[in-house]
Amino acid sequence: MKTNARAVVIGGGAIGVSVAYHLAKYGWKDDVVLIEKHELTSGSTWMAAGNVSFFHSNYYGTQVNMKSIEIFKELEKETGQPSGWHTTGSIRTADNPGRMDELGYAYSMNRCLGLDVSYVTPEEIGKMHPFMNTEGLLGGLYWPDDGDVDPNSVTQAMAKGARQHGVEMNLHTLVKSIEETPSGEWLVKTDKGDITCEYVINAAGLWAPEVSKMVGLEIPSIAIAHTHILYEKINAIADADTMLPLVRDPDKSIYLRQEMDSLILGMYEANGQQWKKHGVPWDYAQEEINPDIDNISDCIEAGMERFPILGDTGFKHVTAGPITYTPNGDPLVGPAAPLKNFFQACGYSFGITQAGGIGHFLAGWIMNGEPEIDLWAVDSRRYGSHANWAYNTEKIADTYPRLYSTIYPNEFRDAARPNRTSPIYEYQKQANAVFGDYYGWECPNYFPPKGEDSYEEPSWRRSNAFKHVANECKHMMNHVGIIDLTRFAKTKISGSGAKAWLNKMTCQKVPEKDGRIALSPMLDHNGNFKSDMTITRVNEEEFFCVTASVGKKHDQHWMLENLPKDGSVAMEDITYQMGCLVLAGPKSREVLAKASYNDVSGDAFKFSTSQEIYVGRTKCRVNRMNYVGELGFEIFHPIQQQTAVYNALMEAGADSDIRMIGMHAMDSMRLEKGYLAWKSEMTLHHTPLETNVSWTVKMDKEFIGKSGIEKQKESGIPLKLVCLVVDAKDSDAWGYNPIMLDNERIGMTSSGGYGHRVEKSIALGYLKPEFAKPGTKMDVEILGRLRSAEVVTMPIYDPKNEKMKS
Amino acid sequence: MKICVCLKHVPDTAASIKLAGDAGFEDSEIKFVSNPYDEYGVEEAVSLVEKEGGEVVIVTVGKAAAVTTIRGAMAMGAHRAILVKIDDQFLDSSLTAQALKAAMEQDGLPDMIFTGKGSVDTESFQTQYRLAQSLGMPVVNEVNALSLDNGKVVVEKEAGGGDKQVMEMSLPCVVGATKGLNEPRYPKFPDIMKAKKKKIQEIDLADLGVDGAAGSVVIEKLETVPERSGAKMLQGSVDDQVTELVKILKEDEKVL
């Protein structure tokens, strides 16, 4: 076994083998070592059903699937080893309107990617799949290019390719520990010897949590016994010339596909059984678990209802085996915070579907420092420290049976909540808040009047929250409100090198005067958006940086990775020390003046400045800016004094009709103002030059991403961010909607919703620049239907920012 | 026609067995299946009764968990079952035969008894002979073809060298089934659900008057087979690898 390598991949399942194969293929050749404690595929790969389809709820996740299919089809040509790929097509059915909407979302999003997908009627489905009873179906989507692959063959084919490119495969080799060397490399210790390497990739599947523990991480991944049933030979299938399409009937929580001369039925049953709660033993390998037929009988019966032939066909084999699941069912991929050069590639419950693609994208990510596509949806850093073992146990018990449940953009499931709460949580509850869950934080989405049900109907259309959100927006426009943004990620950057370092980290000029605030995007090396950050200068050597709450781990990891080693810059996470209440609306100054001992008049406290003032008895860091576009103040305060600050504001605002406002209203208002949202507008696919914050790019200094910006300045921007007013009646754009002109796709929305202050349906999106002129008419496809739309001048609300600056 | 089928609940041969103590193993987590040879007996008995009428009674000597295996046989069409409960997975062939005999006598002796040719866990290959001897019935083991002919049973077995033996037995008799006798049917889900309602009579071994401690064979020690190692990977083109393999088989291993 080698003692030195560039990269060590831990785990010989489909994922690990693919990562190793792609790293070697793309140039690291024999500098890649794979370690597997048993045989290849012996963790979960051996029991995978092998379904490979384009469908993924996320736009970028879909692209990973697309890449997989491309790779699987080419693999045999390259390696000489068959991958067992069959193109069968696949159908996803719907038996209720909510599901039809979800399919509409998938349809529109897939069309943004140029995929061949079409709506099919129940009659057409019946013709494609003669064994199917289509009763009760409303319709479905059909992807002709989907198929299946033999999980073992495809892994062996990639392994062969990996070996051909130089990967050293060490089977029956167990990783015992992983240590960081003083020089910043990794020392992977195994029972067959030690390897020093630059990069470690944890593709250990069932054991990924154990491998993570070796480097001090707790990751949200657990094992659940998944079951599928192989039926005995069915003559009509054996005699047929063509293969049956894969069918997913998500409303019945089942899938069914052809396997040789018969069928495989798989299911996500109501009581998923967690397997080996306290960690999968190291000596487990490729062993079936006793199937629990009673536990899956409802799903089997559902299968027989949909496919009556299953009732007359014997079970040839019932396979139950452990597969990993995460809190939302999506994997854990990418750099592991806070470590350097340690990558996750685990938590997969659809590992075969993404094995090819994620190997390709992760290899690129490792080798280039940035992924080719924005993989935030599967990024391991989307989970905060609240996502510990106990959380996973409760959360995944709810997620597993709902893996096929309809996905709704406004749904926040109840399981394993609450976790993080603001000190004023009880006040919010008393005000009848409907809470959302953001990075573990309970944060009010809206406040229905007392006596009304505090529950939002999950929907792709305007929900029962609509009129209440409208009231909140108008209240903030006319009076004053408080938004709780305690969840903001807050980082204190200090030291003699702080200013210079921050100037390197952001394209914006770091404020030169104390108490000045600057919107300061951080960019990646290509000049694309990495993070949304606001910097407040406290003094020459201290800066208060605020970033998006859900991106906390991601953003702080990026800062940490770039932090100088010489001690000239100190970085302190103060997220959990400071709360934030946003006081906004035309009467906010009046309220703050009453609550504060300080002079907060327009002359004394100017827009886009920051002061330390007393709100009640609490000394607060107050920034005069906000995300809703009204006169307003972000009041950062010691978290333990939040209740006192809150009460001081509520008392001071009693005569001004002060009330609490939720996230839905804030999101509506930020759309009206054209304020960018992280991972909607601000993704790895866009630079600030394409947006309305191009003014934050200061070319007269050096910063990360500058060369990318220079390149784009030379070649011209490919896309331009616009605001569209959409003629939508009951369902607004959501993001990933195709923007069409004469049947040609000219762009895609990044987000959308209803602007209650302007009373218009709004979408933000990126368009080819020639179409970005205000007044240009086009269509936006929402849930599969075209809606006419027009580009308008951004921002549509208070274009001169008079309210905010008043 | 009443047919008893002796069915054993055994660890899956693919299970990874962990030893516990000197002569035991951890059985709570591994997958158990019906002894595959016994399944040929179940299929043959069910087919015969489907044609001739009568009932198929499963008789199992095993731990309480054997019920899952019994239900599997019932899903194939067996009508009811008797489970003689023991505490250990391993009971020697003599005690097993005594337990089976006592259970069948209590239930009423059948016209025919099927066993597998042996069980894949203990591989003693004796139970059918001991059972037949104690009941005074004829027995043929490793039967791969069977027919009923005027109250007689005609059975076939391989005699080695490509020959087959054809034998005739009078009823009642004991048949040790093996591969080739039939293709055991795969249980259908509706049959699995029906099988749940079928009756399993549970009896403790002691209640049959069999002394579980009186076995003539006691397992003193179990050891795992050492993992094979030293595999040699052949390199080069497929042609080179085949040439090399043939050379090794001829010259080093001397098997060709």
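Residues numbered from 1 in each chain as written. Chains lettered and ligands numbered in written order. Predicted model: local features only at pLDDT ≥ 70, side-chain atom pairs only at ≥ 80, totals over all residues.

Participant: Would you take a moment to explain the overall build of chain A for this structure?
Facilitator: Per the secondary structure count, chain A includes 19 helices and 40 strands. Radius of gyration (C-alpha) of chain A: 27 Å, near the 28 Å computed for a compact globule of 806 residues. Across its three principal directions, the C-alpha atoms of chain A cover 85 × 65 × 50 Å. Intrachain contacts of chain A at a sequence separation of at least 6 include 73% that bridge at least 24 residues. (Helix = DSSP H or I, 4+ residues; strand = E, 2+ residues; numbered from the N terminus. Rg over C-alpha atoms; globule rule 2.2 N^0.38 Å. Contact = placed C-beta atoms within 7 Å.)

Participant: Mind showing me how you'd approach the overall build of chain B here?
Facilitator: Regarding its fold elements, chain B presents six helices and 14 strands. Considering only C-alpha atoms, chain B reaches an extent of 65 × 45 × 40 Å along its principal axes. Relative to its 256 residues, chain B shows a buried fraction of 38%. Of the contacts made within chain B by residues no fewer than 6 positions apart, 72% connect residues no fewer than 24 positions apart. (Buried ≥ 20, exposed ≤ 12 C-beta atoms within 10 Å, placed from the backbone.)

Participant: Is there a simple way to think about the interface of chain B and chain A in this case?
Facilitator: As a measure of interface size, the accessible area lost when the parts come together is often cited. Counting from both sides, the interface comprises 13 residues of chain B and, opposite them, 16 residues of chain A. In terms of residue class, the side of chain B that touches chain A is made up of eight nonpolar, one polar and four charged. (Nonpolar A, V, L, I, M, F, W, Y, C, P; charged D, E, K, R; others polar.)

Participant: Mind showing me how you'd approach the pairing of strand β7 (residues 139–143) of chain A here?
Facilitator: Put simply, side chains in a regular strand alternate between the two faces of the sheet. All names here are of chain A. Extensive coverage of β7 is indicated by the burial of five of its five residues. Burial along β7 is two-sided: the residues Gly139, Leu141 and Trp143 and Gly140 and Tyr142 are all buried. With five bridges joining them, strand β5 (residues 90–94) and β7 adopt antiparallel strand pairing. The partner of Arg92 across the bridge, within β7, is Leu141. Pairing geometry for strand β6 (residues 118–120) and β7, over three bridges, is antiparallel. Its bridge partner lying in β7, Ser118 is registered against Tyr142. (Pairing = 2+ DSSP bridges.)

Participant: Would you explain the packing of helix α1 (residues 14–28) of chain A against helix α9 (residues 351–368) of chain A in this entry?
Facilitator: Residues and elements named next belong to chain A. Axis separation between α1 and α9 bottoms out at 8 Å; the angle between their running directions is 40°. On the basis of the axis angle, α1 is oblique to α9. Here α1 and α9 pass one another in a crossing that is right-handed. From α1, Ala14, Ile15, Ser18, Val19, Tyr21, His22, Leu23 and Tyr26 reach across to α9, where they touch Gly351, Ile352, Ala355, Gly356, Ile358, Gly359, His360, Leu362, Ala363, Ile366 and Met367. In the contact of α1 with α9, the residues fall into 13 nonpolar, six polar and no charged. (Axes fitted to C-alpha atoms, helices over the stretch in contact; angles between N-to-C directions. Parallel < 35°, antiparallel > 145°, perpendicular 65-115°, else oblique. Left-handed = near helix turned anticlockwise from the far one by under 90°.)

Participant: Where do I start with the packing of helix α2 (residues 59–79) of chain A against α9 of chain A in this structure?
Facilitator: How two helices pack is summed up by the angle between their axes together with the distance between the axes. Residue and element names in this part refer to chain A. Put simply, α2 and α9 touch, their axes get as near as 6 Å, and they point 100° apart. What the angle tells us is that α2 and α9 run roughly perpendicular. Of α9, the residues touching α2 (which contributes Val64, Asn65, Met66, Lys67, Ser68, Ile71 and Phe72) are Thr353, Gln354, Ala355, Gly356, Gly357, Ile358, His360 and Phe361.

Participant: When you look at the sheet that holds strand β8 (residues 147–148) of chain A in this model, what are you seeing that I'm missing?
Facilitator: In a beta sheet, neighbouring strands are held together by backbone hydrogen bonds and run either parallel or antiparallel to one another. Residues and elements named next belong to chain A. The three strands lie next to each other as β3-β8-β4, forming an open sheet whose pairing is antiparallel. Single-partner strands in this sheet number two, and they are β3 (51–52) and β4 (86–87). Sheet analysis places β3 next to β8, joined by two bridges and oriented antiparallel. Directly across from Val52, in β8, lies its bridge partner Gly147.

Participant: How should I be thinking about helix α15 (residues 588–595) of chain A in this particular structure?
Facilitator: For an α-helix, 3.6 residues make a turn, and residues three or four places apart therefore share a direction. Residue and element names in this part refer to chain A. Taken residue by residue, α15 has Ser588, Arg589, Val591, Leu592 and Ala595 as its buried positions. Buried residues in α15, looked at end-on, bunch into an arc of 160°, giving them a common side. On its buried side, α15 packs onto β30 (578–584), β31 (610–615), β33 (632–638) and α16 (642–652). (Arc of directions from axis to C-beta.)

Participant: Could you clarify how one ought to interpret the confidence of the model for chain B in this entry?
Facilitator: Parts of the model with low pLDDT should not have their predicted coordinates read in detail. Averaged over all residues, the pLDDT of chain B equals 93, while 99% of them reach at least 70. Across the predicted assembly, pTM comes out at 0.93 and ipTM at 0.85. (pLDDT = per-residue confidence, 0-100.)

Participant: For this particular structure, what's the right way to read the pairing of strand β12 (residues 163–170) of chain B?
Facilitator: Residue and element names in this part refer to chain B. Bridge analysis of strand β11 (residues 152–160) against β12 gives eight bridges, and the strand direction is antiparallel. Residue pairing across strands places Glu158 opposite Lys164, the latter belonging to β12. The loop that links β11 with its antiparallel partner β12 comprises two residues; one of these, Gly161, has a positive phi angle of about 65°.

Participant: Where do I start with the environment of Asn96 of chain A in this structure?
Facilitator: Residues and elements named next belong to chain A. In this structure, Asn96 sits in the loop between β5 and α3 (97–112). Remark: the alpha-carbon pair of Asn96 and Leu403, spanning 307 residues in sequence, is separated by 17 Å. Beyond its immediate chain neighbours, meaning those up to four positions away, Asn96 contacts Leu138 and Asp251.

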